Amino acid sequence: LPLADPGANLETVGGKGASLARLVANGLPVPDGFHVTTAAYRKFVIENNLQPGILAALEAVDIAQPATLDVASQTIGELFSGAQTPPDVASAIALAYASLAGASPVVAVRSSATAEDLPDLSFAGQQDTYLWIMGADRVLESVRKCWASLYTPRAISYRVKNDFPHEKVLISVGVQKMVNSRAAGVMFTLN
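Residues numbered from 1 in each chain as written. Predicted model: local features only at pLDDT ≥ 70, side-chain atom pairs only at ≥ 80, totals over all residues. Heavy atoms only, no water.

Considering the confidence of the model for the protein
Per-residue pLDDT for the protein has a mean of 91; in total, 94% of the residues score no lower than 70. The least confident element of the protein is helix α7 (residues 153–161), whose mean pLDDT is 89; the most confident is helix α5 (residues 87–98), at 98. (pLDDT = per-residue confidence, 0-100. Helix = DSSP H or I, 4+ residues; strand = E, 2+ residues; numbered from the N terminus.)

Encoded structure:
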């Protein structure tokens with residue numbers, strides 16, 4: 001989906017993606033890009049029959065033994081790296097990337113989970129982002145890595161500690177042109 005697509009909401013593009021869509025819709029300057037939706041992630045998992053392996057790896061997790069988080073994450077990461085992106089998903093991503101201005105634009109490939117930015121849980125920093133990515137093949141590889149990052153040790157641990165079911169979280173990926181900034185910062189607000 002384009003960044004400002006009206007269908008870009010929490011369920012389709014995750015918390016970060018939905019926020020970006022709102023920013024664009026309100027006329028704020030947001031680097032151009034697109035969303036790889038949660039439907040694409042779901043299709044990747046289903047067509048590669050990854051769910052049984054994911055669940056088996058997660059069953060072995062014991063939050064009191066951090067090494068089990070690492071083992072589960074590594075096992076799931078290997079499942080994702082050995083899986084093939086469905087051809088229609090891969091071609092849609094490559095086409096969206098090619099439509100960005102410039103020949104071989106440099107992009108950020110940003111994870112956006114459906115459990116991010118919730119009223120009572122933030123999930124901030126739980127999944128991965130890849131910067132300065134160039135070329136459709138590298139974008140596709142980075143998207144797959146973002147999908148796998150739904151199961152980093154810190155993400156698994158955060159969900160377990162907060163009693164948030166793993167199967168209720170999906171992940172989207174935002175791909176945006178990189179910005180050569182002169183300055184950058186983060187602002188935290190409190191209601």
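After presenting the structure, the write-up continues.
A word on the sheet that holds strand β3 (residues 129–134)
Pairing is antiparallel across the open sheet formed by 4 strands, whose spatial order is β1-β4-β2-β3. Whereas interior strands pair on both sides, the edge strands pair on one side only; in this sheet they are β1 (33–36) and β3. Put simply, the sheet's adjacent strands are angled 20 degrees from each other on average, direction ignored. The pairing of β1 with strand β4 (residues 171–177) spans 4 bridges and is classified as antiparallel. Bridge pairing in β4 places Gly33 opposite Gln176. Against the sheet, α5 engages β1, β2 (106–113) and β3, with an angle of about 170 degrees to β1. Relative to β3, helix α6 (residues 136–148) is tilted by about 175 degrees, and along the sheet it contacts β1, β2, β3 and β4. (Pairing = 2+ DSSP bridges. Axes fitted to C-alpha atoms, helices over the stretch in contact; angles between N-to-C directions. Contact = heavy atoms within 4.5 Å.)

Notes on the pattern of salt bridges
Oppositely charged side chains can pair when the atoms bearing their charge come close. A full pass over the atoms with the stated rule returns 4 salt bridges. Across the pair Asp88 and Lys43 runs a salt bridge whose closest N-O atoms are separated by 2.5 Å. Note that Asp88 is positioned in helix α5 and Lys43 in helix α2 (residues 38–47), a separation of 45 residues in sequence. Lys43 gets classed as partly exposed once you look at its relative accessible area, which sits at 27%. In this structure, Lys145 and Glu141 form a salt bridge, with 3.3 Å as the shortest nitrogen-oxygen distance. Of this pair, Lys145 and Glu141 are both found in helix α6, 4 residues apart, which corresponds to roughly one turn of the helix. (Salt bridge = Lys/Arg side-chain N within 4 Å of Asp/Glu carboxyl O. Buried < 20%, exposed > 50% of the residue type's maximum accessible area, 1.4 Å probe, protein only.)

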